[in-house]
Number of protein chains: 2
Amino acid sequence: MPKKISILGSTGSIGRNALKVVDNLKSDFEIIYLTANTNYQLLIEQALRYKPKAVGLVESKNAKEVESQLNKINVEVLTGKEGLIEISKRNDVDLVLNALVGIAGMKPTLNALNAGKNVALSNKESLVMAGQLVKNAQQKKGAKLYPVDSEHSAIWQCLQGENKTDVSKLILTGSGGPFRERNINTFSEITPEEALKHPNWNMGNKITIDSATMMNKGLEIIEAYWLFDFGVEEIDIVVHPQSIIHSMIELQDGSVKAQLGVPDMKVPIQYALTYPRHKPADWERLDLIKLGKMTFEEPDYERFPSIKLAFDSLKKLGTTPAVLNIANEFAVYRFLNNEIKFTDIPKIVEQACGKHDWMESPTLSDLQNLIGWSKDFVKSYK
Amino acid sequence: MPKKISILGSTGSIGRNALKVVDNLKSDFEIIYLTANTNYQLLIEQALRYKPKAVGLVESKNAKEVESQLNKINVEVLTGKEGLIEISKRNDVDLVLNALVGIAGMKPTLNALNAGKNVALSNKESLVMAGQLVKNAQQKKGAKLYPVDSEHSAIWQCLQGENKTDVSKLILTGSGGPFRERNINTFSEITPEEALKHPNWNMGNKITIDSATMMNKGLEIIEAYWLFDFGVEEIDIVVHPQSIIHSMIELQDGSVKAQLGVPDMKVPIQYALTYPRHKPADWERLDLIKLGKMTFEEPDYERFPSIKLAFDSLKKLGTTPAVLNIANEFAVYRFLNNEIKFTDIPKIVEQACGKHDWMESPTLSDLQNLIGWSKDFVKSYK
């Protein structure tokens, strides 16, 4: 029986790669739902090819065009945020791949878990913003999270067959981004164009900026905390510019296990879809001899204050990681619009974390309110 | 209940490290047997400390001294090769650690497996010489082999939790030995003293010379073949001078899993004794930042013809790997005695493999005969 899957965010970078995985293992999967934010043309193309039951299009202005194309092949079309929410609640699937970008991904993760569905999670905001709510939903429904991020997939792969109590440390690797060696005195002059040239992975714009500030690594620490249930002191970061070791675990006898590979998101995506199996694929193989060397450095907390902000937010917990994440997201958009400097991003985040009304156990509606507050806070920053 | 263990070869490098592991996890183990080849003083010391039921001493000329010391504490003393053989057959233990060096380790492995005992195997000759006989004994008795070699332990650790059919390749790493960068034209002048300076691991003399010729890696290929049941084409070698990645597996989706650590034999020994758990130990931890870099190279088959000889022997199977191993062992001893050149070692091995009377399914007595033939062959080499 093919696995029935729903792909939320099928026209983005992760979504498109997920469909390549589906192409690779055709008979293993049946696509039931696809959703897009704005890219209605690609959504139509995907729907014509994979024939889902329904598609969702968040930006509804092109809904007519989508409907006229897909009604012929009997594909239901849902629109607006409500359409996405509706699709994320449906339980006629085996697995929901949440490949949505940003805060918009949080509610669909909770919906899918509350519907008792396992979620292959690429959307890190779900855990960063609502880690405790996600855990609660998982526990109540017995639904599982399968990490899609390359770092968390690496840790997940390394943990297979191990007794969790034997694991002493999670070691996340990060490339260090494009500004690892740039003179720190010129950081305030970094332009969006420069920051978008990421050396190793081919990703969306928001995530690429997060990689340049290393907030990406910060968010991953928080994600790892919730995914694997390890303490802040048990999570380390190592800068590894080649991005070949995707992350590691250290066991209490000193043995270290690592997962390696060429930087290709299809590998962790496929693993999340085929778990616990590693199914065949003829993608590029890692050639260590051709690679020649791997290097390792300490993260530079002066250049990249975002990492420390993330660690600090995890020590405070409650609403702090959520505010860190929201303020960062809006600050990144302001940076991409050339409204603020690169170095303003962590400043805004730090101020927002310090100034918001902290709560210990925010509900979903508390988090929604925080989004409004943080957005206004970031907007007002000059 | 503590695990009852027998350590064959307790005064050698692996044996002494195994006792450090026992010290580390005191209440987990009870030492039932210890055996030594010649080092009777250390054997006495160990027996006084760990109070086994019996000890074995192969070289019997100091047996009186051992008996007089150990009779007071009621420790039985067995002597000669027969004593070792007798101890290897006893079944009042949970696990036999075979840390014997060289050909002498083969029969004790078979004895322990035939007694239905799991064997933590450091003695690679058991598999290289008698791979098929070992497999037969395992299958008949349902006894397991736990690798102790750092490379095979790494592969074993990486295989945990994986489906064997998902694994496409085993990748053994090797330091390349002390002569990786030495001018090949001076190889015939290499002295035993130079060859005994091994950069990474602290091992016995025979194994250190094997590491210098890279025959060690060749023997490990054969060992991996029998331990993990992978084909010759599915086993690769990568030279990694820092010896931090101890070996890897490649899965069929392109994901690679590696086991890493500082070069410390206590880690794989402890894992073999505590499998499937990684129990606490406060040994030196791997610090990738301090390490800074890892490098990878192709093995140089011209400098190190032994690797190719080993691959070839595996394609022929039958008696060929056994002759490869025996001829190598005696050639190494002749080299250590300054009787032959460093470059003669692979030449002798190649000739012995080519000239012996090949048999498809040698019995133990066939192998014993081959030992005599090979010894004579190596002796006659000028």
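Here, every reference points to the structure presented above.
All values derive from a computational prediction rather than experimental measurement.

## Here we look at the relation of the copies chain A and chain B
Note on the identical chains: chain A maps onto chain B by a rotation of 180 degrees and an axial translation of 0.0 Å, with an RMSD of 0.0 Å. Here the copies are linked by what is in effect a two-fold axis. Using C-alpha coordinates, one finds that chain A approaches the rotation axis most closely at A:Gly161, a distance of 2.0 Å.

## What about unusual backbone geometry?
Across the chain, the bulk of peptide bonds are trans and the bulk of non-glycine residues have phi less than zero. At the junction of A:Tyr275 and A:Pro276, the peptide bond is cis and its omega measures out at 5 degrees in the coordinates. For A:Pro276, the location among the structural elements is in the loop between α11 (266-274) and α12 (288-291). Of note in this structure, B:Asp229 is not a glycine but carries a positive phi near 65 degrees. By the secondary structure assignment, B:Asp229 is in the loop between α10 (215-228) and β9 (235-239). At B:Asn338, a position not held by glycine, the phi torsion is positive, near 60 degrees. Here B:Asn338 lies in the loop between α14 (320-336) and α15 (344-355).

## A look at the interface of chain A and chain B
Where interface size is given, it is often the accessible area lost as the parts come together that is meant. Facing the 43 residues of chain A at the interface are 43 residues of chain B. Summed over both partners, the interface of chain A with chain B buries about 3800 Å², with 53% contributed by carbon and sulfur atoms. It is A:Asp253, A:His278 and A:Ile289 in chain A that bury the most area against chain B; as a group they hold 19% of the surface buried on that side. The tally of links between chain A and chain B comes to four salt bridges. A:Arg277 is the partner of B:Asp166 in a salt bridge, and the nearest nitrogen-oxygen pair spans 2.7 Å. Counting the contacts that link chain A with chain B gives 28 residue pairs in polar contact (both at pLDDT 80 or more). When residues of the side of chain A that touches chain B are traced back to their parent elements, those giving at least two are α7 (150-159), β10 (245-251), β11 (256-260), α11, α12 and β12 (293-295) of chain A. Sort the elements by how many residues they give to the side of chain A that touches chain B and β11(A) lands first, with five residues.

Cut-offs applied
Residues numbered from 1 in each chain as written. Chains lettered and ligands numbered in written order. Predicted model: local features only at pLDDT ≥ 70, side-chain atom pairs only at ≥ 80, totals over all residues. Heavy atoms only, no water. Least-squares fit on C-alpha atoms with pLDDT ≥ 70 in both. Helix = DSSP H or I, 4+ residues; strand = E, 2+ residues; numbered from the N terminus. Contact = heavy atoms within 4.5 Å. Buried area = accessible area lost by both parts, 1.4 Å probe. Salt bridge = Lys/Arg side-chain N within 4 Å of Asp/Glu carboxyl O. Polar contact = N/O pair within 3.5 Å; in protein donor to acceptor, adjacent residues only side chain to side chain.

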